[in-house]
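Commentary on secondary and tertiary structure
Next come the chains, spelled out residue by residue.
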Amino acid sequence: QVQLAESGGRLVQAGGSLRLSCAASGESLNWYRLGWFRQPPGKAREFIAAIFWRVGSTDYADSVEGRFTISRDNAQNTVYLQMNSLKSEDTAVYYCAARRLSSAAYNYWGQGTQVTVSS
């Protein structure tokens, strides 16, 4: 099993930057993809970015590519989401999740952290 805990969400002005962290614990992440999702108010949860832990390969949703960067720190077992040029439409609860490579769906989720972008 994997336990995930997000942090770093807060109120930020449009155009600003923010870095979210997700601390992972439990079993080895070498065969997991770690992802970030978000759920804007009144909308469905959506995929943002993911990283294959062992090799560091990444992929992004079109809506954030070029503005957001996902990265990991192997020593700290932490995945980050650096968010730049924030817009009001980035306001959402942001979730960290982990998916075994053998699984079709994300198996483990964090509790979420609120990001609010004021215009």
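Residues numbered from 1 in each chain as written. Predicted model: local features only at pLDDT ≥ 70, side-chain atom pairs only at ≥ 80, totals over all residues. Heavy atoms only, no water.

Details of unusual backbone geometry
Backbone geometry places Asn77, a non-glycine residue, at a positive phi of 50°. Within the element layout of this structure, Asn77 appears in the loop between β7 (68-73) and β8 (78-83). For Ser85, which is not a glycine, the phi torsion comes out positive at approximately 50°. With respect to the helices and strands, the residue Ser85 is situated in the loop between β8 and β9 (92-100). (Helix = DSSP H or I, 4+ residues; strand = E, 2+ residues; numbered from the N terminus.)

Observations regarding the state of the cysteines
One pass over the structure, following the stated rule, counts one disulfide. Through a disulfide, Cys22 is tied to Cys96; the S-S separation comes to 2.1 Å. Taking the sign of the S-S torsion, about -80° here, the bridge from Cys22 to Cys96 comes out left-handed. A residue pair is termed long-range when its members are at least 10 positions apart, and Cys22 in strand β3 (residues 18-26) and Cys96 in strand β9 qualify at 74 residues. (Disulfide = S-S within 2.5 Å.)

Some thoughts on the pairing of strand β4 (residues 32-39)
With seven of eight residues buried, β4 is to be regarded as a mostly interior element. As judged from the eight bridges shared by β4 and β9, these two strands associate in the antiparallel manner. Its bridge partner lying in β9, Gln39 is registered against Val93. What sits between the antiparallel neighbours β4 and strand β5 (residues 46-52) is a turn of six residues, in which Gly42 has the positive phi angle 75°. (Buried < 20%, exposed > 50% of the residue type's maximum accessible area, 1.4 Å probe, protein only. Pairing = 2+ DSSP bridges.)

Focus: the environment of Val93
Relative to the elements of secondary structure, Val93 occurs in strand β9. C-alpha of Val93 to C-alpha of Gln114: the two residues are 21 residues apart in sequence and 4.4 Å apart in space. Apart from residues no more than four positions distant in its own chain, Val93 is found in contact with Phe37, Arg38, Gln39, Gly112, Thr113 and Gln114. (Contact = heavy atoms within 4.5 Å.)

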